[in-house]
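# Structural overview
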Amino acid sequence: MRKGFTILELVIVATFAGLLFLLFFVQKANLDAFDRDETRKTAINAMYYALEESFYKNHQYYPETISEENIKVIDPALWTDPDGHNLGDPQSSYSYQPANCDNGKCKEYILKAKLEKETDYIKTNRKN
């Protein structure tokens, strides 16, 4: 009698190994997407607190646009989303929408991040 594996046994082992690799890559892709979503939330929160605790407290209004030029208290890297697009770029997953503005001075805003695994993450101005 010969010792070794039959072709059927090898096919079953190869199929099982392939399924394990497929499951690993699907889970890794999901974890990476969740990580990118957390990065987006962190950036929106930083922009929100910079607007509320720094800009609004100093000026008593919100700006018509935001960028690292007028909001200097946050890490400049946070203006760029995980896909490499800056806030204000049409492809960016970040958006700033001012409202109720007069001569560049706004009373309201909406900050938004488009997430991959959840609904959009939205922050609005405090009711001042």
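Preceding block: the structure.
Residue numbers here run from 1 along each chain, matching the order of that chain's written sequence. Local features in a predicted model are, by the rule used here, given only for residues with pLDDT of at least 70; side-chain atom pairs are given and counted only at 80 or more, and totals for whole chains, interfaces and linings are based on all residues. Values reported for side chains reflect all heavy atoms of the structure, with hydrogen atoms and water molecules removed beforehand.

## Quick word on the overall build of the protein chain
What counts here: Strands are runs of DSSP state E lasting at least two residues, helices are runs of H or I lasting at least four, and both sets are numbered from the N terminus onward. C-alpha atoms define the radius of gyration, and 2.2 Å times the number of residues to the power 0.38 defines the globule rule. Only protein chains enter the calculation, and the probe is 1.4 Å; a residue is then buried if its accessible area is under 20% of its type maximum, exposed if over 50%, and partly exposed in between. A contact between two residues is defined here by any heavy atoms of the two lying within 4.5 Å. Per-residue and other accessible areas follow the Shrake-Rupley method at a 1.4 Å probe size, with only the shown protein chains counted as cover for residues. Only four residue types enter the tally: Lys and Arg on the positive side, Asp and Glu on the negative side; His and the chain ends are excluded. All charge positions are set by atom: Lys at NZ, Arg at CZ, Asp at CG, Glu at CD.
Scanning the protein chain from terminus to terminus reveals 1 helix and 4 strands. When the helices and strands of the protein chain are placed in sequence order, the string is α-β-β-β-β. A compact globule built from 128 residues would reach a C-alpha radius of gyration of about 14 Å, whereas the protein chain, at 24 Å, exceeds it by more than 25%. Burial statistics for the protein chain: of 128 residues in total, 26% are counted as buried. Once local pairs closer than 6 in sequence are excluded, the contacts in the protein chain between residues at least 24 apart make up 50%. Of the roughly 9000 Å² that the protein chain leaves accessible, carbon and sulfur atoms contribute 57%. Once the 16 positive and 19 negative side-chain charges of the protein chain are each reduced to a mean point, those two points are 5 Å apart.

## Some words on helix α1 (residues 7–59)
Stated precisely, the cut-off is as follows: Working rule for helices: expected span equals 1.5 Å times residues minus one. Throughout, bend refers to the angle between the axes fitted to the seven residues that end at a position and the seven residues that start at it.
Under the 1.5 Å per step criterion, the end-to-end length of α1 is 76 Å for 53 residues, consistent within 8% with the ideal 78 Å. When the local axis directions of α1 are compared, the greatest deviation, roughly 35 degrees, occurs at Leu51. Immediately beyond the C-terminal end of α1, within one or two residues, lies Gln60, with a positive phi of roughly 65 degrees.

## Some thoughts on the packing of aromatic side chains
Convention followed: Each Phe, Tyr or Trp ring, with Trp reduced to its six-membered ring, pairs with another whose centre is within 6.5 Å; inter-plane angles below 30 degrees give stacked pairs, above 60 give edge-to-face pairs, and intermediate values give tilted ones. Placement of a positive charge over a ring is assigned whenever Lys NZ or Arg CZ falls within 6 Å of the ring centre and within 35 degrees of the normal to the ring plane.
Using the criterion set out here, one finds 6 aromatic pairs in the structure. Ring geometry for Tyr48 and Tyr49: centres 4.9 Å apart, planes at 80 degrees, overall edge-to-face. Seen from their ring centres, Phe55 and Tyr61 are 5.5 Å apart, and the 85 degrees between their planes marks the pair as edge-to-face. Ring-pair connections join several aromatic residues into one group, and the members of that group are Tyr56, Tyr62, Tyr96 and Tyr109. Positioned above the aromatic ring of Tyr48 is the side chain of Lys123, whose terminal nitrogen or guanidinium carbon lies 4.7 Å from the ring centre.

## Regarding unusual backbone geometry
Not every positive phi belongs to a glycine, and Gln60 is a case in point at roughly 65 degrees. Its relative accessible area of 52% is what places Gln60 among the exposed residues. The phi torsion at Asn100 lies on the positive side, around 55 degrees, for a residue other than glycine. For Asn100, the position within the fold is in strand β2 (residues 94–102).

## A look at a nonpolar patch on the surface
Quick reminder of the rule: The patches described consist of residues with a relative accessible area above 30% and no salt bridge, like charges being joined within 9 Å and nonpolar side chains (Val, Leu, Ile, Met, Phe, Trp, Tyr) within 5 Å. Salt bridge criterion: a side-chain nitrogen from Lys or Arg within 4 Å of a carboxyl oxygen from Asp or Glu.
Among the surface-exposed residues, Leu19, Leu22 and Val26 lie close enough to one another that they form a single nonpolar patch of about 290 Å² accessible area. Relative to the helices and strands, Val26 resides in helix α1.

## A word on the nonpolar core
Quick note on the threshold: For our purposes a nonpolar core is just a set of buried Ala, Val, Leu, Ile, Met, Phe, Trp, Tyr and Cys residues, chained together by side-chain atoms within 4.5 Å.
Met47, Ile66, Tyr96 and Leu111 are the most contacted members of the largest nonpolar core, which has 22 residues in total. Among the secondary structure elements, those contributing two or more residues to this core are α1, β2 and β3 (105–113). The contacts of Tyr96, once residues within four sequence positions are left out, are Leu51, Tyr62, Pro63, Glu64, Thr65, Ile66, Leu87, Tyr109, Ile110 and Leu111.

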